[in-house]
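Secondary and tertiary structure notes
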Amino acid sequence: MRLLKKTISSPTLRANIHRVFGRYLYWKWSARIGKKRILADHIPPLQLVVKEEFPASIRDYVFGLHAESEMGFMMHFLRKDDFFVDIGANIGTYSLLAAAVSEAFVLSFEPDDARREFFKDQVTVNALAPLIFIDGRVVSTKEETLIFSEQSVSKNIYVEAGVPRIAVSMDSLELDKTPIMVKIDAKGYDLEVIQGMRELLEHDELKVVLCDFSEDIEEEVKNLVREIIRSKGFKVCAYDPKQRSLEEVPVQDKQLMLFVRDQEFVEQRLLLAKTFKWYNKEL
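What counts, and at which threshold
- Residues numbered from 1 in each chain as written.
- Predicted model: local features only at pLDDT ≥ 70, side-chain atom pairs only at ≥ 80, totals over all residues.
- Heavy atoms only, no water.
- Core = buried A, V, L, I, M, F, W, Y, C linked by side-chain atoms within 4.5 Å.
- Buried < 20%, exposed > 50% of the residue type's maximum accessible area, 1.4 Å probe, protein only.
- Helix = DSSP H or I, 4+ residues; strand = E, 2+ residues; numbered from the N terminus.
- Contact = heavy atoms within 4.5 Å.
- Axes fitted to C-alpha atoms, helices over the stretch in contact; angles between N-to-C directions.
- Pairing = 2+ DSSP bridges.
- Expected span 1.5 Å × (residues − 1).

As a rule of thumb, nonpolar side chains are buried together in soluble globular proteins. Ranked by internal contacts, the top residues of the largest apolar core, which has 55 residues, are Phe-73 and Met-181. Here the element with the most residues in this core is helix H6 (residues 93–100); it accounts for 6 residues. The contacts of Phe-73, once residues within four sequence positions are left out, are Met-181, Val-208, Tyr-239, Leu-246, Leu-258, Val-260, Val-266 and Leu-270. In terms of nonpolar packing, the next biggest core, distinct from the first, is built from 33 residues, Val-139, Leu-206, Val-221 and Phe-234 among them.

Before going further, it helps to examine the packing of helix H3 (residues 17–32) against helix H4 (residues 55–63). For the pair H3 and H4, the least separation of the axes is 8 Å and the interaxial angle reads 145°. On H4, the residues touching Val-20, Arg-23, Tyr-24, Tyr-26 and Trp-27 of H3 are Ile-58, Tyr-61, Val-62 and Phe-63.

With that settled, the discussion passes to the sheet that holds strand E9 (residues 181–184). Across a sheet, strands are paired by hydrogen bonds formed along the backbone, either parallel or antiparallel in direction. With respect to topology, 8 strands assemble into an open sheet ordered E5-E4-E3-E9-E10-E13-E11-E12, the strand pairing being mixed. Unpaired on one side and paired on the other, strand E5 (132–135) and strand E12 (245–248) mark the two borders of the sheet. Ignoring strand direction, the axes of neighbouring strands in this sheet form an average angle of 25°. Contacting strand E3 (83–87), strand E4 (105–109), E5, E9, strand E10 (208–212) and strand E13 (256–260), H6 crosses the sheet at an angle of about 170° to E3. Docked against the sheet, helix H7 (residues 113–125) engages E4 and E5, running at close to 170° with respect to E5.

Bringing helix H10 (residues 219–230) into the picture now. Between the first and last C-alpha of H10 there are 16 Å, a value that for 12 residues agrees with the 16 Å anticipated at 1.5 Å per step. Close packing links the buried residues of H10 with helix H8 (190–195), helix H9 (198–202), E10 and E13.

The omega torsion across Pro-44 and Pro-45 is 10°, close enough to zero to call that bond cis. For Ala-127, which is not glycine, the phi torsion reads 55° and is therefore positive. With respect to the secondary-structure elements, Ala-127 resides in the loop between H7 and E5. Not every positive phi belongs to a glycine, and Arg-244 is a case in point at roughly 60°. Mapped onto the elements of the fold, Arg-244 is located in the loop between strand E11 (235–240) and E12. Looking at Arg-244, the relative accessible area reads 14%, which means it is buried.

See the structure below:
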């Protein structure tokens with residue numbers, strides 16, 4: 001049912017419904033015969049490793065782009081040699097697209113060992129090591145040592161038993177270059193990340209912040225994160241990758257929120273961007 005709802009919600013996926021379900025059935029068949037890992041074509045030139053223990057990789061294989069607007073924006077906006085920071089990279093979906101399709105340099109933070117190793121596998125398969133650096137540290141408010149649960153890196157981050165992790169703030173890093181875009185998927189700790197990058201938000205070179213809020217994040221925290229970003233001159237925007245149109249929108253209660261500064265500069269980039277192919281459709 002979830003697969004059908006996702007497919008119906010996207011015109012591109014609806015037009016390729018036989019391919020979507022074909023991929024889904026192929027994966028189910030592969031898993032049934034014991035094939036736990038497959039290598040598949042993704043957004044060209046990217047190859048995707050798909051493994052049963054990482055459901056996000058199955059999602060990426062079946063749908064191609066699970067966040068059409070935001071991923072389309074990123075690939076249209078970023079250019080070769082741009083600097084993109086991915087905080088909470090998970091299995092590296094955004095980072096891989098940024099490096100393979102846009103040829104941007106990427107700094108990816110992913111503290112979970114299993115996800116990080118799988119992400120490294122994807123980087124190796126696609127020969128993207130020169131463009132992607134994967135950092136196992138936690139991004140937070142300040143430099144400190146945190147104790148993670150072995151089961152999760154979200155809301156039970158501060159438990160006593162588990163694996164110690166080094167935390168850093170974005171403002172504490174001595175970066176050679178200011179990122180032009182930052183994506184944040186901090187599993188409920190978005191406020192800590194934002195509080196640790198207030199200086200970075202002041203840099204004019206940073207044009208875009210994409211926040212992927214957890215479903216269980218407190219509304220007050222979400223509102224505070226949103227207002228801190230907006231106070232630095234960012235606007236909440238929506239993007240249509242088919243029309244290459246970017247427009248400011250009223251603040252909405254969405255899981256994915258795109259914040260843009262210097263809209264004229266960003267729009268010019270979007271209009272002049274090269275196309276990418278998704279399910280044989282040029283965008």
